[in-house]
Amino acid sequence: MLLIACISLLALMLLGVPITFSLLGAGFLAVLLGDGPLQMYMNCRGFISGVNSFTLMAIPFFMISGSIMNQGGLSKRIIQFCSALFSWLRGGVGIVCVAANMIFGAVSGSGTAAVAAIGSITAPDMEKIGYKKEFTGAMIAGAASTAPIIPPGNVMIMFAAITGLSITRMFLAGYTPGFVIGIILMIICHFYAKKHNIDYGGKFEGKKVAKALKDCFWALLMPLIIIIGITAGFCTPTEAGAIACVYGLVVGIFFYRELNLKKILNVLFKAAEGTGQVLSLYAASTMFAYIFTVEGFGRVFQEWLMNVSSGSPTVIMLLVGAFVLLIGCFMEPVAVMPVVLPLVYPLLQKLGCNMVQFGLVFTLCTIIGGLTPPVGSYLFVTVTVVKTGVTKLIPWMLVMILVDLVVVALTTFIPGFCTWLPDLLLGPM
């Protein structure tokens, strides 16, 4: 049954069938043609139970709040504030792009949403001031890759839902890797601008910053509400997402007066579309993963990992990371998680591995898949935004991938790199 499922999945993907329907089709064919104990109704039951989670409810809320930011004028004001704060630096416009992506990611949790929302605004400014399209596109995609790491990342929400790990602890662990990636990208922007003698805004203007801060004050409160609410334990991530939605509506309608009924309906439509894509893929993957469990593949895979790694948790993390990087080139990260995590998580837990550390390594590796062809979602949305070819972006995209790999290495070999903050605020695990 497992062989039928894998061959069917590969065949459907090669035929160009969308990954969600490929997983569903492979699952049904495996049950229909295989000789395993699974009944057909179990596929339907697994599809529904896969998304029947209070934790996963946070995803649509954060998607709505991110869309409200974009439609309600909050994103625009945040970019204006970042511009006032950083544009005087060499490479300031590129730095603004990175900073705005990080702030937007702290609300939406989605990298592709950050590319579309922030990239569409910052790309023309970067090109106008002298940045080449290839660098602009790669930087937008690289900066957007911080969105799933800086809370409330959708990938971390799914990791917590699958493993039962504390989502608050995961969120706190994501800040350091996310900010390190952001700072490295800002440094790259600075030296690129210096090398090409572009993007130097002059001197710092305190009055300009104060004016921009006053204008975007209510917009900046939105990510702070989410961060403080979750970190201080006032609310769960799902509740924080709901609060952010209501807050964004109030600010967009009554303070900035840019939201109307038409825009609100568009927000809900876009959020429903995005949620449907993510959760249907997640549900289909959960059903596919159930076949692996029934066939006993987990035990065989764990034995192989133990033999190859000699029982070293670090080596196993690296092997799993390499596997996820490879699979991520051909499948969306959401599709990988429900299949791979149930196979390796119990083994690492048994070996005494720090599961928050593993969660960050796993999350970072899935995100790199979004930057690589042929499936990379960040890459292809960026191509649409900057209007250039994929091949032209590849050289600078490799630099962005290298930055992420450096942070993966830091997270793997220095556990305290990502765990110091949750251990400080919540106590050791």
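Residues numbered from 1 in each chain as written. Predicted model: local features only at pLDDT ≥ 70, side-chain atom pairs only at ≥ 80, totals over all residues. Heavy atoms only, no water.

A tally of helices and strands in the chain yields 20 helices and 0 strands. Per-residue burial for the chain yields a buried fraction of 54% across its 429 residues. Within the chain, contacts between residues at least 6 apart in sequence are counted, and of these 78% link residues at least 24 apart. Roughly 18100 Å² of accessible area belongs to the chain as shown, and the carbon and sulfur atoms make up 69% of that amount. Counting 23 positive and 15 negative side-chain charges, the chain places the centres of these two groups 12 Å from one another. (Helix = DSSP H or I, 4+ residues; strand = E, 2+ residues; numbered from the N terminus. Buried < 20%, exposed > 50% of the residue type's maximum accessible area, 1.4 Å probe, protein only. Contact = heavy atoms within 4.5 Å. Areas by Shrake-Rupley, 256 points an atom, 1.4 Å probe, with all protein chains shown as cover. Lys, Arg positive; Asp, Glu negative; His and termini not counted. Charge placed at Lys NZ, Arg CZ, Asp CG, Glu CD.)

Within this structure, the stated rule accounts for 15 aromatic pairs. Taken together, a centroid distance of 6.1 Å and an interplanar angle of 55° make the contact between Phe159 and Phe362 tilted. One end of the pair, Phe159, is in helix α9 (residues 154-163); the other, Phe362, is in helix α17 (residues 355-369), and 203 residues separate them in sequence. Judged by its relative accessible area of 0%, Phe159 is buried. Their ring planes at 75° and their centres at 5.2 Å tell us that Phe217 and Trp218 sit as a pair that is edge-to-face. Of the residues examined, Trp218 reaches a relative accessible area of 32% and is grouped as partly exposed. (Phe/Tyr/Trp six-rings, centres within 6.5 Å; stacked < 30°, edge-to-face > 60°.)

Moving on to a nonpolar patch on the surface. A surface patch of nonpolar side chains, amounting to about 640 Å² of accessible area, comprises Phe217, Trp218, Val246, Val250, Ile253, Phe254 and Phe255. For the nonpolar patch, the elements supplying multiple residues, two or more each, are α11 (206-231) and α12 (237-255). Residue contributions to the nonpolar patch peak at 5 residues, all from α12. Here Trp218 shows up in helix α11. (Patch = residues over 30% accessible without salt bridge, like charges linked within 9 Å, V, L, I, M, F, W, Y side chains within 5 Å. Salt bridge = Lys/Arg side-chain N within 4 Å of Asp/Glu carboxyl O.)

What follows covers the nonpolar core. Judged by nonpolar contacts, the single largest core of 138 residues is most densely connected at Leu23, Met139, Phe159, Leu185, Phe358 and Phe362. Per-element accounting of this core gives the leading share, 13 residues, to helix α10 (residues 167-196). Apart from residues no more than four positions distant in its own chain, Met139 is found in contact with Val98, Met126, Leu185, Ile188, Cys189 and Met400. In terms of nonpolar packing, the next biggest core, distinct from the first, is built from 6 residues, Ile64, Cys245, Val267 and Ala271 among them. (Core = buried A, V, L, I, M, F, W, Y, C linked by side-chain atoms within 4.5 Å.)

Here we come to helix α4 (residues 58-71). Taking 1.5 Å as the rise per residue, α4 with 14 residues should run 20 Å; its terminal C-alpha atoms sit 20 Å apart, in good agreement. Across the 14 residues that make up α4, a large majority, 10, are buried. Taken together, the buried positions of α4 are occupied by Ala58, Ile59, Phe62, Met63, Ile64, Ser65, Gly66, Ser67, Ile68 and Met69. The secondary structure elements touched by the buried residues of α4 are α5 (74-86), α6 (92-108), α9, α11, α12 and α13 (261-294). Positive phi shows up at Gly73, right after α4, with a value of about 85°. (Expected span 1.5 Å × (residues − 1).)

Another aspect to go through is unusual backbone geometry. The peptide bond linking Pro151 to Pro152 adopts the cis configuration, its omega dihedral lying at 5°. Phi at Arg257 is positive, roughly 55°, even though this residue is not glycine.

This part is about the packing of α4 against α6. With their axes 7 Å apart at the nearest point, α4 and α6 run at an angle of 140° to one another. Judged on the interaxial angle alone, α6 and α4 are oblique. Where α4 approaches α6, its residues Phe62, Met63, Ser65, Gly66 and Met69 are matched on the opposing element by Phe104, Val107 and Ser108. (Axes fitted to C-alpha atoms, helices over the stretch in contact; angles between N-to-C directions. Parallel < 35°, antiparallel > 145°, perpendicular 65-115°, else oblique.)

Mean pLDDT over the chain works out to 84, with 95% of the residues at or above the 70 mark. Per-element confidence in the chain ranges from a low mean pLDDT of 67 for helix α3 (residues 40-50) to a high of 92 for α10. (pLDDT = per-residue confidence, 0-100.)

In total, this model carries 0 disulfides according to the counting rule given. In this structure Cys97 is a free cysteine whose sulfur lies 7.0 Å from that of Cys189, the closest cysteine sulfur available. With a relative accessible area of 0%, Cys97 lands in the buried category. (Disulfide = S-S within 2.5 Å.)

Next up on the list: the side chain of Thr146. On the secondary structure map, Thr146 appears in the loop between α8 (133-144) and α9. With sequence-adjacent residues up to four places away left out, Thr146 is seen in contact with Met102, Gly178, Ile181 and Gly182.

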